Amino acid sequence: MRMLEEFFPEFTQKLDEIDQLYAEKRMIDEKTYQFICFALSIKARSKPCVLKHFKGALEAGATVKELSYIFALVMREAAGADDCWTHDVLGDWKEILKGNISCSCAGDEK
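Note that the coordinates shown come from a computational prediction; the quantities given were computed from them, not determined experimentally.

(A) The arrangement of the overall build of the protein in detail. Counting its regular elements, the protein contains six helices and zero strands. When the helices and strands of the protein are placed in sequence order, the string is α-α-α-α-α-α. Computed over its C-alpha atoms, the radius of gyration of the protein comes to 20 Å, more than 25% above the 13 Å expected for a compact globule of 110 residues. Projected onto its principal axes, the C-alpha positions of the protein cover 55 × 40 × 25 Å. Relative to all contacts within the protein whose residues are 6 or more apart in sequence, the contacts with residues 24 or more apart total 38%. Across the protein, the centroid of the 15 positively charged side chains sits 6 Å from that of the 19 negatively charged ones.

(B) Spotlight on the side chain of Ser41. With respect to the secondary-structure elements, Ser41 resides in helix H3 (residues 30-44). Here Ser41 falls in the buried class, since its relative accessible area comes to 6%. The contacts of Ser41, once residues within four sequence positions are left out, are Ser46, Cys49, Val50 and His53.

(C) Spatial organisation of the environment of Ile101. Along the chain, Ile101 falls in the segment after helix H6 (93-98). Contacts of Ile101, omitting those with residues within four sequence positions, involve Asp92, Glu95 and Ile96.

(D) Focus on unusual backbone geometry. Here the phi dihedral of Arg45 falls at roughly 60 degrees; this positive angle occurs in a residue that is not glycine. With respect to the helices, strands and loops of the structure, Arg45 is situated in the loop between H3 and helix H4 (47-59).

Calculation criteria
- Residues numbered from 1 in each chain as written.
- Predicted model: local features only at pLDDT ≥ 70, side-chain atom pairs only at ≥ 80, totals over all residues.
- Heavy atoms only, no water.
- Helix = DSSP H or I, 4+ residues; strand = E, 2+ residues; numbered from the N terminus.
- Rg over C-alpha atoms; globule rule 2.2 N^0.38 Å.
- Contact = heavy atoms within 4.5 Å.
- Lys, Arg positive; Asp, Glu negative; His and termini not counted.
- Charge placed at Lys NZ, Arg CZ, Asp CG, Glu CD.
- Buried < 20%, exposed > 50% of the residue type's maximum accessible area, 1.4 Å probe, protein only.

Structural measurements only, silent on function.
So, in structure tokens, the structure goes:
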């Protein structure tokens, strides 16, 4: 965000406004909010956000054991989703091997 703060401060100001709106309209308690943000941060692979929401959850009363459970849940659900998605994409693997399925991103459109 440092580059955006320098070259597009209006954008970062709008993000701050959105954060403020979320805080004002929040219908869940702080701990639940931090759990959700922690889980999303793990899935998004955002180190700063994982650290921010890990600390935020602790400050909201969470335990490391609870955060470990959230971490395990995200890892399991992500693995399942990635596994299902990949199986769906590669379900016609025999047709791929025969050259009957193309990938437009590889420039082999048919």
